[in-house]
Amino acid sequence: MRFGVLGCADIAARRFLPALARVAGAEPVALASRSPSRARAFAERFGGAPVTGYQRLLERDDVDAVYVPLPAGLRAPWIERALLAGKHVFAEKALATGGEEVRRLVEPARAGKLTLMENFAFVHHRQHAVVRRLLAEGEIGEVHEFRAVFAVPPRPPGDIRLRPELGGGALLDVGVYPIRAALHFLGTNLKVSDAVLRYDDTLGVDVIGGTRLAAPDLDVRLLFGMTTRYASGYQFLGSRGSLTVEQVFTTPPEHRPVVLLERGGRLERRTVAPDDQWGNILRHFTDVVTGAAPVAEDASAGELLVRQAELADEVRAQGKPRSALSAPDGTAFHTPGR
Ligand SMILES: NC(=O)c1ccc[n+]([C@@H]2O[C@H](COP(=O)([O-])OP(=O)(O)OC[C@H]3O[C@@H](n4cnc5c(N)ncnc54)[C@H](OP(=O)(O)O)[C@@H]3O)[C@@H](O)[C@H]2O)c1
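These numbers come from a predicted model, not from an experiment. (Residues numbered from 1 in each chain as written. Predicted model: local features only at pLDDT ≥ 70, side-chain atom pairs only at ≥ 80, totals over all residues. Heavy atoms only, no water.)

1. Some words on the overall build of the protein chain
How we decide: Only DSSP runs of H or I reaching four residues or more are called helices, and only runs of E reaching two or more are called strands; each is numbered from the N terminus. For a compact globule the rule gives 2.2 Å times the number of residues to the power 0.38, and the radius of gyration it is set against comes from C-alpha atoms. To sort residues, take the accessible area from a 1.4 Å probe on protein chains only and compare it with the maximum for the residue type: under 20% means buried, over 50% means exposed, and anything in between is partly exposed. We call two residues in contact whenever any of their non-hydrogen atoms come within 4.5 Å of each other. Note on areas: Shrake-Rupley with a 1.4 Å probe; residue coverage comes only from the protein chains shown. In this count, Lys and Arg are taken as positive residues and Asp and Glu as negative ones, while His and the chain termini are left out. One atom stands in for each charge, and that atom is NZ of Lys, CZ of Arg, CG of Asp or CD of Glu.
Broken down by element type, the protein chain carries 9 helices and 15 strands. Since a compact globule built from 338 residues should have a radius of gyration of about 20 Å, the 20 Å found for the protein chain is in line with a globular shape. In terms of overall dimensions, the protein chain has C-alpha extents of about 60 × 45 × 35 Å along its principal axes. The buried share among the 338 residues of the protein chain stands at 57%. Counted over contacts in the protein chain with a minimum sequence separation of 6, partners at least 24 positions apart contribute 68%. Summing over all exposed atoms, the protein chain offers an accessible surface of approximately 14200 Å²; the carbon and sulfur share of this is 50%. Of the side-chain charges in the protein chain, 43 are positive and 40 negative, and the distance between the mean point of each set is 3 Å.

Right, here's the structure in full:
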């Protein structure tokens with residue numbers, strides 16, 4: 001699979017291109033930037049041809065698939081151009097700024113029999129399969145509540161996440177992770193019942209938020225933000241105990257996840273083997289493109305892509321700009337044993 005990259009983004013250098021090098025049969029053939037010197041520097045470092053301008057990359061016949069790490073507000077138009085140029089697309093989250101945009105992207109993907117995948121690499125880490133198995137085996141009894149948090153420290157001035165004209169804001173950058181985790185574990189039958197978004201009035205972007213989702217027989221609470229310390233975890237509360245995992249969204253390949261099971265005040269730690277979530281999702285993407293794996297629920301089939309974006313829309317629509325929200329600084333749930 002011959003990949004092109006639209007934009008010499010930090011995440012392309014830090015995660016995507018190193019992970020691509022670990023995927024058999026995949027290679028970067030063209031790296032595009034608005035700036036000729038950035039494209040050249042990227043190509044010298046990672047291989048492939050430097051290209052000035054994204055459209056010129058899409059016109060190349062030697063590119064089968066493109067990676068789109070552009071700012072959230074620019075992603076949908078470039079994904080659409082890429083699909084219309086006949087390229088498979090692996091794009092950063094959030095795929096677009098709203099459900100309507102995502103629905104418009106799913107159509108050309110279907111029509112062109114092209115794979116369109118949103119990069120939620122965390123879903124492809126084995127720790128979540130372990131969690132699913134423990135829940136299915138009734139380790140904490142009947143699950144009544146799911147909580148998840150993703151919060152990151154403040155971004156430097158001028159960062160794309162702080163610029164409203166580029167689709168900045170915490171909901172689209174970090175809020176989409178706990179939403180995706182809820183969809184992963186609980187299915188698509190979820191609705192926003194309440195939401196809070198706190199805006200930075202000077203910047204004009206949302207910086208902290210939280211939402212409560214209505215799910216059959218279950219209470220779901222999600223928190224996110226980009227003003228506090230790093231926090232990334234989820235917790236299930238059940239009739240017999242709780243299950244907690246931390247560092248779940250951007251888990252590095254060397255990290256040994258620990259699943260904490262608390263029952264009747266007794267704490268048990270289950271260690272999970274490290275896993276390469278970026279390598280896994282890229283192998284999954286190339287397998288779907290080549291037909292080695294069936295079209296997955298998170299690819300062009302659409303329902304999950306659209307529902308994900310619609311839930312973010314609902315959070316925005318209901319997100320009352322209150323400041324009473326408890327800060328998403330890890331206090332979203334009590335970690336047993338601390
Ligand atoms: N999945 C993950 O684990 C993960 C982690 C971090 C970030 N991300 C996602 O990746 C995206 C990129 O994040 P990043 O930290 O890599 O950001 P970044 O370094 O600022 O990269 C964004 C790129 O977009 C291009 N761009 C095009 N028009 C632009 C404009 N008007 N202003 C600024 N940049 C523009 C630039 O490429 P050229 O200048 O070369 O054209 C720039 O390098 C984010 O939106 C985020 O959602 C995902």
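2. Focus on unusual backbone geometry
Residues Lys93 and Ala94 are joined by a peptide bond in cis, for which omega reads -15°. The topology assignment puts Ala94 in the loop between strand E5 (88-91) and helix H5 (99-111). One non-glycine residue, Lys113, lies in the positive phi region at around 50°. Along the chain, the position of Lys113 falls in the loop between H5 and strand E6 (116-118). Exposure remark for Lys113: the relative accessible area of 74% places this residue in the exposed category. Phi at Gln247 is positive, roughly 55°, even though this residue is not glycine. Mapped onto the secondary structure, Gln247 falls in the loop between strand E12 (242-246) and strand E13 (258-263).

3. Quick word on the packing of helix H1 (residues 10-20) against helix H2 (residues 36-46)
The cut-off we apply is this: Note on method: axes are straight lines fitted to C-alpha atoms, helices fitted across the in-contact stretch only, with angles between N-to-C directions ranging 0 to 180 degrees. The sense of a crossing depends on the near helix, which, turned anticlockwise from the far helix by less than a right angle, makes the crossing left-handed and, turned clockwise, makes it right-handed. Classes in brief: Ala, Val, Leu, Ile, Met, Phe, Trp, Tyr, Cys and Pro nonpolar; Asp, Glu, Lys and Arg charged; the others, Gly included, polar.
The geometry of H1 relative to H2 is characterised by a closest axis approach of 12 Å and an angle of 35° between their N-to-C directions. The way H1 lies across H2 gives a crossing that is right-handed. From H1, Ala12, Ala13, Leu17 and Pro18 reach across to H2, where they touch Phe42, Arg45 and Phe46. A breakdown of the residues in the contact of H1 with H2 according to their chemical character gives 6 nonpolar, no polar and 1 charged.

4. Brief notes about the side chain of Asp219
Test applied: Counting of polar contacts relies on pairs of N or O atoms within 3.5 Å, with two restrictions inside protein: one atom must be capable of donating a hydrogen and the other of accepting it, and residues adjacent in sequence are counted only when both atoms are side-chain atoms.
Along the chain, Asp219 turns up in strand E10 (residues 218-225). A distance of 2.9 Å separates a polar atom in the side chain of Asp219 from a polar atom in the side chain of Arg212.

5. Side note on the site of the ligand
For the record, the criterion: Whether a residue is near a molecule or strand depends on its heavy atoms: if one lies within 4 Å, it is near. Segment limits for the domains were obtained from an automatic or database-derived domain assignment.
Taken together, 24 residues form the shell around the ligand, and within it Ile11, Ser33, Arg38, Tyr54 and Arg75 come nearest. Between the ligand and the protein, one listed contact pairs an oxygen atom with a backbone N or O atom of Cys8 at 2.9 Å. A distance of 3.4 Å is found between an oxygen atom of the ligand and a backbone nitrogen or oxygen belonging to Ala9. Here the ligand, which alone exposes 900 Å², has 85% of that area covered by the protein. Where the shell around the ligand is concerned, the elements lending two or more residues are H1, helix H4 (72-84) and helix H7 (170-186). Per-class residue counts for the shell around the ligand are 12 nonpolar, 3 polar and 9 charged. Of the residues that make up the shell around the ligand, three or more belong to each of domain 1 (2-120) and domain 2 (122-277 + 310-320).

6. Side note on the nonpolar core
Spelled out, the test is: The term nonpolar core refers to a set of buried residues drawn from Ala, Val, Leu, Ile, Met, Phe, Trp, Tyr and Cys, joined through side-chain atoms within 4.5 Å.
Judged by nonpolar contacts, the single largest core of 52 residues is most densely connected at Val131, Phe146, Tyr234, Phe236 and Leu243. The leading source of residues in this core is H7, at 11 residues. Excluding its chain neighbours within four sequence positions, the residues that come into contact with Phe236 are Val131, Leu135, Ile140, Val143, Glu145, Phe146, Phe185, Gly241, Ser242 and Leu243. Within the second largest apolar cluster, 30 residues are counted, among which are Tyr54, Val66, Trp78 and Val102.

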